[in-house]
Amino acid sequence: MRRIFDEHVIRKTNSLDGAWRFSTDPDNMGVEKEWFKGLPSSETVIVPSVWNTQLGLLEYEGAAWYQKRIQCFSSELRFVFEAVLTQADVWLDDKHIGSHYGGFCPFDILVHGVERGEHILTVRADNSFDEHSIPLALTDWWHYGGISRSVTMEELSGPCAIDNRFDCELSSELDKAVCRFTASVYNASDERKSSSLSFLFDGKTVDTKPVELDAHESCTVVSADFEVEAPRLWEPGSPELYEIGITLDNDDLYDRVGIRRVEVSETKLLLNGKPFEVRGVNRHEENTDFGFAFPPALMKRDIDILLNMNANSVRGSHYPNAPIFLDMLDEIGLTFWSEIPMWGNAYTPEMLADPEVTKRAMEMHREMLRWYYNHPSIIIWGMFNENPSQLPETRTLAEKLYPYLKEKGGNRLVTYACNKIKTCLCMDLCDILCINHYDGWYSGDRDSWKETCLAVVKNRMSELSVEPKPIIMSEFGCAAIYGNHTFDDIKWTEEYQAELMEKALRIFRDDPWVVGYYIWQYCDIRTHQRTLDRARKYNNKGILNEYRKPKMAYFAVKRTYGEFAEKGAK
């Protein structure tokens, strides 16, 4: 299940979710042995899934193969993979038709000249690591592998609309929006074709363009600007959405968008011209029983839990989440921070200066923008998390990423999460300063935030001659084992965690520069022992456990966020 609405009415789409044949390849011999012609031995698995949830494969890293027999009734096909962890290679019969690197963004493959009838689709997934990997082997989450999100096959004919992008610019009074579409169109046939391309907004045709393409030619078409008077604005509490579409003589593509404006003014964060206080959590799209193959029904339950605790934002830590989850956020009115999986201080100067690493980081951002651009819930793009921002090499990378996201990313704030508050070199290369800090757990105590964090951050901004800008506390918290209670004030208990959360939140809200908070973290997640020696092999900082059972901290946050909501944004 890719979206919560139909993207196509005319175009025939076929879900390839369900039973696939599966085989691990620990000796990495499948390509040489031509397993794409048929797996030598296999078992049946269900896609989407991750192999780590199968007995005996929890810690398997390397290559594994998936194979499925499909029926094709068109010579022109488009395969869409929502996510394959992490390197994917795809064959149709014995022909290699495409590759993709990066486990969290969708990718598509166009194939033409396919004979009608039965074919074999083969996917080789590899979640191993090298010196160019994003993420690195050293991360604080589990390295799952497999086809973790849905797969679809689309049957194409004639000119086809491949994807679209909707832009709007609100007037300063928010009473008028100037809008335009950008569409990528592809001629899937073997002949030159002409068609009429229509752009639809809110049930009406706003522009029509003639399109003429040679066989298998693609082009970009931009609509004329059009005005929307008195637009219905998207915001939490009133998430107004508009239906948009592209239609051709024999194809179509539909999406949903929201009109809204996010910006900063000095040390304020504004949404639709009004101060906005971020009340958020960091959420891994991970479940102990399903890994990264997160079922949509559980996504909806997570959203219900977040709304119940008075949250208005989610950080997709630390990778793009499933598009269907973003659809739900668009519809329910929760804001989102989307980032790529470039995580951690383990990046060396040599890695950061590696052209292949830079190339992969840029490509992951391009893909994130391509597939997620139209979601109004996304108000923040994240460049990286806890990269060693004290290094010149990290600054050089940020100097490439920041202007790209500002130019191409639409009306969003661009940031990174910093844990080098005394020595960071990148504080000018963001719209809003996001700080990861753990007083009361790794350092300091529960009452020391003003002196050990907030004052230090402001001093560093002054040293760098950076103008004052809003601060979001993007990570803070401590671990508690679910059910661990005591009369004493000691770490690892639910009581200690609840006390820390409430104290920290109140200190942050008293600071006029702090405009938001993302608690680390929503729920306990499985993590690698090689990263840190964590109890149970879990990061236990969740305010819920891995099965979404609430700890005391959940109710402390619910109470505190509720009070903040009643008072209104600062």
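Look up a bit, the structure's there.
Examining the overall build of the protein
Phase 1: The helix and strand tally for the protein stands at eight helices and 35 strands.
Phase 2: Radius of gyration (C-alpha) of the protein: 24 Å, near the 25 Å computed for a compact globule of 570 residues.
Phase 3: Taken over the C-alpha atoms alone, the protein extends approximately 70 × 60 × 45 Å along its principal axes.
Phase 4: Across the protein, every contact between residues at least 6 apart in sequence was considered, and the portion connecting residues at least 24 apart equals 73%.
Phase 5: Counting only carbon and sulfur atoms, one obtains 49% of the accessible surface of the protein, whose full area is about 21500 Å².
Phase 6: Side-chain charges in the protein split into 65 positive and 89 negative, and the spacing between the mean points of these groups amounts to 3 Å.

Here we look at the packing of helix α7 (residues 494-510) against helix α8 (residues 552-567)
Phase 1: Between α7 and α8, whose axes approach to 7 Å, the crossing angle comes to 20°. The orientation of α7 with respect to α8, classified from their angle, is roughly parallel. For α7 against α8, the interelement crossing comes out right-handed. Contact with α7, carried on its side by Glu494, Glu495, Gln497, Ala498, Met501, Glu502, Leu505, Arg506 and Arg509, involves Met552, Ala553, Ala556, Val557, Arg559, Thr560, Tyr561, Glu563, Phe564 and Lys567 of α8 and no other residues of that element.
Phase 2: Counted by class, the contact of α7 with α8 contains nine nonpolar, two polar and eight charged residues.

Topic: helix α1 (residues 296-308)
Phase 1: Here α1 contains 13 residues, and its C-alpha end-to-end distance of 19 Å stays within 8% of the 18 Å for a straight helix at 1.5 Å per residue.
Phase 2: All buried positions along α1 are accounted for by Met299, Asp302, Ile303, Ile305 and Leu306. Down the axis of α1, the buried set is contained in an arc of 160°. They therefore lie on one face. Residues Ala297 and Arg301 are exposed on α1 and point more than 90 degrees away from its buried face.
Phase 3: In the segment just after α1, Asn310 is the residue with positive phi, at about 70°.

Looking at the pairing of strand β16 (residues 204-213)
Phase 1: Pairing of strand β15 (residues 193-201) with β16, which is carried by nine bridges, proceeds in the antiparallel orientation. Its bridge partner being in β16, Ser198 is matched across the sheet by Thr208.
Phase 2: Hairpin geometry of β15 and β16 is characterised by an intervening segment of two residues between the two adjacent antiparallel strands and by a positive phi of about 55° at Asp202.

Remarks on the state of the cysteines
Phase 1: Under the definition given, this model contains zero disulfides.
Phase 2: Lacking any disulfide linkage, Cys168 is separated from the closest cysteine sulfur, that of Cys179, by 4.9 Å.
Phase 3: There is no disulfide at Cys424, and the cysteine sulfur nearest it, in Cys418, is 3.8 Å away.
Phase 4: By relative accessible area, which is 0% here, Cys424 ends up buried.

Concerning the pattern of salt bridges
Phase 1: Throughout the structure, instances matching the rule amount to 56 salt bridges.
Phase 2: Between Arg124 and Asp126 there is a salt bridge, with the nearest N and O atoms lying 3.3 Å from each other.
Phase 3: Judged by its relative accessible area of 8%, Arg124 falls in the buried class.
Phase 4: Residue class for Asp126 comes out buried when judged on its relative accessible area of 13%.

What to know about the sheet that holds strand β9 (residues 107-111)
Phase 1: Sheet architecture is open: four strands sit in the order β1-β12-β5-β9, paired in antiparallel fashion. Whereas interior strands pair on both sides, the edge strands pair on one side only; in this sheet they are β1 (12-15) and β9. Each strand of the sheet is rotated relative to its neighbour by a mean of 20°, with strand direction disregarded.
Phase 2: Where strand β5 (residues 76-81) lies against strand β12 (residues 151-156), six bridges are found, and the strand directions are antiparallel. What sits directly across from Val80, in β12, is Thr152.

Comments concerning helix α5 (residues 392-408)
Phase 1: Taking 1.5 Å of rise per residue, the 17 residues of α5 would be expected to cover 24 Å, and the 25 Å separating its terminal C-alpha atoms lies within 8% of that figure.
Phase 2: Those residues of α5 that sit buried are Thr394, Leu397, Ala398, Leu401, Tyr402, Tyr404 and Leu405.
Phase 3: Taken together, the buried residues of α5 touch α3 (349-352), α4 (355-372), β29 (378-385) and β30 (413-418).
Phase 4: Once α5 finishes, Gly410 follows within two positions and takes phi at roughly 75°, a positive value.

Considerations on empty space enclosed by the protein
Phase 1: Under the criterion given, the structure shown has four cavities of 30 Å³ or more.
Phase 2: Approximately 280 Å³ is the volume attributed to the largest cavity.
Phase 3: Around the largest cavity sit 23 residues that line it, and Arg3, Glu7, Asp163, Asp255 and Trp371 are the ones nearest its centre.
Phase 4: Of all the elements, strand β22 (residues 251-257) adds the most residues to the lining of the largest cavity, at four residues.

Regarding the packing of α4 against α5
Phase 1: Put simply, α4 and α5 touch, their axes get as near as 11 Å, and they point 15° apart. With respect to α5, the element α4 is oriented roughly parallel. Here α4 and α5 pass one another in a crossing that is right-handed. The segment α4 lies against α5, with Thr358, Met362, His365, Arg366 and Leu369 engaging Leu397, Lys400, Leu401, Tyr404, Leu405 and Lys408.
Phase 2: Here the contact of α4 with α5 is built from residues that sort into six nonpolar, two polar and three charged.

Let's talk about the nonpolar core
What tends to happen in soluble globular proteins is that the nonpolar side chains get buried as a cluster.
Phase 1: Grouped together as the largest cluster of nonpolar side chains are 95 residues, with contacts concentrated most on Met342, Tyr416, Met473 and Phe476.
Phase 2: Element by element, the count of residues in this core is highest for α4, at eight residues.
Phase 3: Leu16, Tyr60, Val84 and Val114 belong to the second-largest nonpolar core, a separate cluster that totals 30 residues.

Quick look at the side chain of Gln67
Phase 1: Mapped onto the elements of the fold, Gln67 is located in strand β4 (residues 63-72).
Phase 2: Reaching out from Gln67, the side chain makes a polar contact with the backbone oxygen of Trp35 at a distance of 3.2 Å.
Phase 3: Once residues lying within four places of it in the same chain are set aside, the contact partners of Gln67 are Trp20, Arg21, Trp35, Phe36, Gly38, Leu39, Ile120, Leu121 and Thr122.

What counts and how
Residues numbered from 1 in each chain as written. Predicted model: local features only at pLDDT ≥ 70, side-chain atom pairs only at ≥ 80, totals over all residues. Heavy atoms only, no water. Helix = DSSP H or I, 4+ residues; strand = E, 2+ residues; numbered from the N terminus. Rg over C-alpha atoms; globule rule 2.2 N^0.38 Å. Contact = heavy atoms within 4.5 Å. Areas by Shrake-Rupley, 256 points an atom, 1.4 Å probe, with all protein chains shown as cover. Lys, Arg positive; Asp, Glu negative; His and termini not counted. Charge placed at Lys NZ, Arg CZ, Asp CG, Glu CD. Axes fitted to C-alpha atoms, helices over the stretch in contact; angles between N-to-C directions. Parallel < 35°, antiparallel > 145°, perpendicular 65-115°, else oblique. Left-handed = near helix turned anticlockwise from the far one by under 90°. Nonpolar A, V, L, I, M, F, W, Y, C, P; charged D, E, K, R; others polar. Expected span 1.5 Å × (residues − 1). Buried < 20%, exposed > 50% of the residue type's maximum accessible area, 1.4 Å probe, protein only. Arc of directions from axis to C-beta. Pairing = 2+ DSSP bridges. Disulfide = S-S within 2.5 Å. Salt bridge = Lys/Arg side-chain N within 4 Å of Asp/Glu carboxyl O. 1 Å grid on protein atoms, 1.4 Å probe; cavity = no way out; pocket = protein on both sides within 12 Å on 5 of 7 lines; lining within 4 Å. Points joined across faces, edges and corners; volume = space filled by probe spheres on them. Core = buried A, V, L, I, M, F, W, Y, C linked by side-chain atoms within 4.5 Å. Polar contact = N/O pair within 3.5 Å; in protein donor to acceptor, adjacent residues only side chain to side chain.

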